[in-house]
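Below are the chains, spelled out letter by letter.
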Amino acid sequence: MPIHGTLFQEFKEEATSDQFSLQNKKMLKVQMGHGPVMAKSGSMVAYQGDVRFANKGSGGLDKFIKKAVTGEGVDMMTCSGQGELFLADSASEIQVMYLENDMISVNGNNIMAFSASIDWDIHRIQARGAAMTGGLYNVTLRGTGYVAITTKGDPVALDVSGAPTFADAQVVVMWTAGVRMDIKVDTGGLKSMIRGGTGEMLQMAFGGEGYVLVQPAESVADGGHQQSSGSRGSGLSDFLGG
């Protein structure tokens, strides 16, 4: 008995030769012929061909220790072999970019996958008032290759060079090299909270040159918040040394 309808035409696999491409807004397609990739553990939904997976946890002893201390990071798996791999994360929307000898700072919760040629590490963000937030930690991705991150809904990329830029820490997904970040204490938000309102007392303040990506919903769990201290604003280049 034939099947009628457009299901298999509308949702047919998209043909592409790029290492990373979007099958749709919520599913990433990886062409494994370009080499291994790192992907968030548990993000595999399907594959065709001979694809192998090795769980790397937090990525080596040094990163494991940092994750134990900071609470930040993401469990990764190495994917290798031949064929096509499909990745997703709870139907979150996926954004794909290509870094060319560049770097970005990303909330660990939003990392989906990246080329094995990309270097990654966990870093404490030096910022005024960081101790008041319990400490801030991000994952730095650096090098040349593809990166895929997730967002809750369609994000907005804010150019911080045009005007002082502020955001709720739990909606900030990532920022690019050249961006400086500080913590702003919003006394108006504090008064609002005391009155039973929903004001955000602590905000992330951005300046410099580059982009900050924010999503239209707060993260379920924000990145590593163990106590740390900081005394100055910092751009991504300030903490590449660990």
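Fair warning: this is a prediction, and the values are worked out from it, not measured in the lab.

Looking only at helices and strands, the chain features three helices and 16 strands. In the chain, buried positions account for 46% of the 242 residues. Put simply, the chain shows about 12,100 Å² of open surface, and 53% of that area lies on carbon and sulfur atoms.

A few words now on the nonpolar core. If you look at the biggest cluster of nonpolar residues, it comprises 19 residues, and the most contacted ones within it are Ile104, Phe114, Leu141, Val147, Ile149 and Met174. Every element with two or more residues in this core is listed here: strand E6 (93–106), strand E7 (111–115), strand E8 (119–124), strand E9 (137–151) and strand E12 (172–176). Each residue touching phenylalanine 114, except ones within four places of it in the same chain, is listed here: Phe20, Val37, Met38, Met76, Trp120, Leu141, Tyr146 and Val147. Ranked by size, the runner-up nonpolar core spans 16 residues in total, among them Phe20, Leu85, Leu87 and Tyr146.

Moving on, we come to a nonpolar patch on the surface. A cluster of nonpolar side chains, namely Ile3, Leu7, Phe8 and Phe11, defines an oily patch on the protein surface of about 510 Å² accessible area. Relative to the helices and strands, isoleucine 3 is located in the segment before helix H1 (7–10).

Right, let's get into the packing of aromatic side chains. Enumeration according to the criterion identifies five aromatic pairs in this entry. Among the aromatic residues, ring-to-ring pairing joins Phe20, Tyr98 and Tyr146 into one connected group. A cation over a ring is seen here: lysine 184 above phenylalanine 166, with NZ or CZ 4.5 Å from the ring centre.

Burial within E12 is extensive, with five of its five residues counted as buried. Bridge count for E6 against E12 is three bridges, and the pairing is antiparallel. Directly across from valine 106, in E12, lies its bridge partner methionine 174. Sheet analysis places E12 next to strand E15 (residues 211–214), joined by three bridges and oriented antiparallel. Across the sheet, tryptophan 175 pairs through a bridge with valine 212, a residue of E15.

Reading the values: rules and limits
- Residues numbered from 1 in each chain as written.
- Predicted model: local features only at pLDDT ≥ 70, side-chain atom pairs only at ≥ 80, totals over all residues.
- Heavy atoms only, no water.
- Helix = DSSP H or I, 4+ residues; strand = E, 2+ residues; numbered from the N terminus.
- Buried < 20%, exposed > 50% of the residue type's maximum accessible area, 1.4 Å probe, protein only.
- Areas by Shrake-Rupley, 256 points an atom, 1.4 Å probe, with all protein chains shown as cover.
- Core = buried A, V, L, I, M, F, W, Y, C linked by side-chain atoms within 4.5 Å.
- Contact = heavy atoms within 4.5 Å.
- Patch = residues over 30% accessible without salt bridge, like charges linked within 9 Å, V, L, I, M, F, W, Y side chains within 5 Å.
- Salt bridge = Lys/Arg side-chain N within 4 Å of Asp/Glu carboxyl O.
- Phe/Tyr/Trp six-rings, centres within 6.5 Å; stacked < 30°, edge-to-face > 60°.
- Lys NZ or Arg CZ within 6 Å of the ring centre and 35° of its normal.
- Pairing = 2+ DSSP bridges.

Read these as layout, nothing more, since geometry by itself doesn't imply function.
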